[in-house]
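Structural characterization, general
Spelled out, the chains give:
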Amino acid sequence: MAKQEDLFKKVISHAKEYGFIFQSSEIYDGLSAVYDYAQNGVELKKNIREYWWKAMVHMHENIVGIDSAIFMHPTTWKASGHVDAFSDPLIDNKDSKKRYRADVLVEDYCLKIEKKIEKEITKAQKRFGDAFDKSEFIKTNPRVLGYQEKIDTILKRLGKSLENEDLDDVKLLIEELGIGCPLSGSKNWTDVKQFNLMFGTKLGADAASSTDLYLRPETAQGIFVNFANVQKTGRMKIPFGIAQTGKAFRNEIVARQFIFRMREFEQMEMQYFVKPGTELEWYEKWKTNRLNWHKSLGLGEDKYRFHDHEKLAHYANAAADIEFKFPFGFKELEGIHSRTNFDLKAHEKYSGKKLQFFDHETNSNYIPYVVETSVGLDRLFLAIFSTALQDETLKDGSTRTVLKIPSILAPTKVAVFPLLKKDGLPELAKKVINELKYDFNVTYDEKDAVGRRYRRQDALGTPFCVTVDHQSLEDKTVTIRNRDTMEQERIAITDIAKIVNQEISFKKWISK
Ligand code: ATP
């Protein structure tokens, strides 16, 4: 555990030191759970967004994108159920005066049991060596089975109690499990209460005539209210999808774990409109599609798992999370929900406008069902960044810190160095930059010895370093160094773009 905590601390400090993420308003001591993306972070974030957009919008003839406003008519949130039901169950500790999400306290308790399972596996792995069959062990070891049963029973009860709004039972569960305040250990709890997560604001100049608004807590509703507009103007036929990326705001109570849970964050969502009755088929298809998309980034197949929901949101008839193995354990990265026709039906009712599709084959109208894929851009950033950050021991015994970001997402694709700051080498290096900058984000560096410059680019995740030396002046060749293999090759200046393009080809990455 200590090791994982250390790794997470390193992730946070590396993100700051190398210009990826700063705390918001840091000079005023920061604003809790709000972060700014710095010069390199903004590039990585933009590249992740684009990788998603291309895969979801450009690769599907029947999916289009929109960019709806953050402010929406307040009735939107009444219709969607957010005014009445977008809340978290909170519990206060009477001694430490700290407030927690009751469900998270229970889930964290289960995480500790999961750690015990992992310990048993590691122990057995050591004992049996190569002969160890992990999946067989998990299926048959009595201790592991006991732990797993305990987790399942607890989560099932939690899910049921939350679904039935039985908050007294959630408190009882916390007491029965003997869960104490993570800070003080005290078990002196208040009752569990619901707390709405939406931020309110006002539109208008004076108090009397102003309208109460909410900052959107999800981007999805901007898609639903535009369903008919897009369907008609885009002449879309069912099934079809509408995608969008953008900011969402939630007054999260337990905002921690860096950019994992923020009060202002960005979502990348796609709503897929389907014929009623076919939604579960599409739900399974999108589960597979989205998992494959994540895996194409090459962070490791074992980093992902599905978590099928016991407790379904008021609008869903099936839901699963794609969980990712963050430095603090498996946690939700993306949600895939079969949202039925709940939202369109509710907007029809509240707006009085028809939100239906006319099916020429059957000559009838219907309100489409919806399958949603919803991923947090910041969470994805954290997943990629924390997995990419590695300390390597090299053959000569020295160490290096390297950010093995998938090259297609790397903030800077090529760093160009003159070997020395003289003899016309900087001039030629800048010429190389001027050729490449139209196609790639490139950077120039002439400070310090070349070895240190390589290390700096490794820590920034730059996949290629190009060095201009005296031979370059004679034969127009340079050396190109690969971040991951650290191997260098001499190539013609005119071949740089081709090599980089091959490495960061979208087609190559997405087909993985
Ligand atoms: P959680 O259970 O972690 O609160 P959620 O189930 O409420 O998440 P959704 O409403 O399904 O999340 O939102 C879709 C995605 O948006 C999540 O999978 C997550 O990646 C991201 N997300 C949600 N809340 C936050 C947040 N506060 N900060 C960063 N990302 C978030």
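Residues numbered from 1 in each chain as written. Predicted model: local features only at pLDDT ≥ 70, side-chain atom pairs only at ≥ 80, totals over all residues. Heavy atoms only, no water.

1. A look at the overall build of the protein chain
- Looking only at helices and strands, one finds 18 helices and 23 strands in the protein chain.
- Computed over C-alpha atoms, the radius of gyration of the protein chain comes to 26 Å, within 12% of the 24 Å expected from 2.2 N^0.38 for 512 residues, which places it in the range of a compact globule.
- Along the three orthogonal principal directions, the C-alpha set of the protein chain runs to about 75 × 60 × 55 Å.
- With 512 residues in all, the protein chain has 50% of them scored as buried.
- Counting contacts in the protein chain only where the partners sit at least 6 residues apart, residues at least 24 apart contribute 65% of the total.
- Carbon and sulfur atoms provide 50% of the accessible area of the protein chain, an area that totals close to 25,500 Å².
- Here the protein chain contributes 79 positive and 76 negative side-chain charges, whose respective centroids are spaced 2 Å apart. (Helix = DSSP H or I, 4+ residues; strand = E, 2+ residues; numbered from the N terminus. Rg over C-alpha atoms; globule rule 2.2 N^0.38 Å. Buried < 20%, exposed > 50% of the residue type's maximum accessible area, 1.4 Å probe, protein only. Contact = heavy atoms within 4.5 Å. Areas by Shrake-Rupley, 256 points an atom, 1.4 Å probe, with all protein chains shown as cover. Lys, Arg positive; Asp, Glu negative; His and termini not counted. Charge placed at Lys NZ, Arg CZ, Asp CG, Glu CD.)

2. Some words on the domain arrangement of the protein chain
- For the protein chain, the domain assignment lists domain 1 (1-67 + 197-202 + 209-389), domain 2 (87-196) and domain 3 (412-510).
- Averaged C-alpha coordinates put domain 1 and domain 2 at centres separated by 26 Å.
- At the interface, 16 residues of domain 1 touch 17 residues of domain 2.
- Carbon and sulfur atoms make up 55% of the surface buried where domain 1 meets domain 2, a total of about 1,400 Å² over both sides.
- It is L197, I253 and K311 in domain 1 that bury the most area against domain 2; as a group they hold 37% of the surface buried on that side. (Domains from an automatic or database assignment. Buried area = accessible area lost by both parts, 1.4 Å probe.)

3. With respect to the sheet that holds strand 4 (residues 87-92)
- Strand order in the open sheet formed by 3 strands is 5-4-6, with antiparallel pairing between adjacent strands. Every interior strand has two partners, whereas the edge strands, strand 5 (99-101) and strand 6 (193-196), have only one. Strand-to-strand twist across the sheet, computed as the mean angle between neighbouring axes with direction ignored, equals 45 degrees.
- Across 3 bridges, strand 4 lies against strand 5 in antiparallel orientation. What sits directly across from D92, in strand 5, is R99. (Pairing = 2+ DSSP bridges. Axes fitted to C-alpha atoms, helices over the stretch in contact; angles between N-to-C directions.)

4. Re the site of the ligand
- Around the ligand sit 16 residues in total, of which E252, R261, M262, E332 and L333 are the nearest.
- In the environment of the ligand, an oxygen atom lies 2.7 Å from a nitrogen or oxygen atom belonging to the side chain of R261.
- Side-chain polar atom of Q267 to an oxygen atom of the ligand: 3.3 Å apart, as the coordinates give it.
- Taking 590 Å² as the accessible area of the ligand by itself, protein coverage stands at 86%.
- When contributions to the shell around the ligand are tallied by element, the ones reaching two or more residues are strand 10 (264-274), strand 13 (329-340) and strand 16 (369-376).
- Among the elements that make up the shell around the ligand, the one with the highest residue count is strand 13 (5 residues).
- Looking at the shell around the ligand residue by residue, the classes come out as 4 nonpolar, 5 polar and 7 charged. (Near = heavy atom within 4 Å. Polar contact = N/O pair within 3.5 Å; in protein donor to acceptor, adjacent residues only side chain to side chain. Nonpolar A, V, L, I, M, F, W, Y, C, P; charged D, E, K, R; others polar.)

5. Digging into the packing of aromatic side chains
- Considering all chains together, one arrives at 24 aromatic pairs under this definition.
- Summarising the aromatic geometry, the rings of Y100 and W189 are spaced 6.0 Å apart at their centres and angled 80 degrees between planes, so their arrangement reads as edge-to-face. In this pair, Y100 sits in strand 5 while W189 sits in the loop between helix 8 (167-176) and strand 6, placing the two residues 89 residues apart along the sequence.
- With a relative accessible area of 3%, W189 lands in the buried category.
- The rings of F8, F260, Y304, F324, F326 and F328 are connected pair by pair, giving a single aromatic cluster.
- One Lys or Arg, R379, reaches over the ring of F260 and ends 3.8 Å from the middle of that ring. (Phe/Tyr/Trp six-rings, centres within 6.5 Å; stacked < 30°, edge-to-face > 60°. Lys NZ or Arg CZ within 6 Å of the ring centre and 35° of its normal.)

6. Some remarks on the side chain of T477
- In this fold, T477 is placed in strand 22 (residues 477-482).
- T477 sits in the buried class, given a relative accessible area of 14%.
- Setting aside residues up to four positions removed in sequence, T477 forms contacts with Q471, S472, R490, I491, A492 and I493.

7. Some thoughts on the packing of helix 5 (residues 102-128) against helix 8
- Interaxial distance between helix 5 and helix 8 falls to 10 Å at its minimum, and their mutual angle equals 35 degrees. Handedness of the helix 5/helix 8 crossing: left-handed. On helix 8, the residues touching A102, L105 and V106 of helix 5 are V170, L173 and I174. (Left-handed = near helix turned anticlockwise from the far one by under 90°.)

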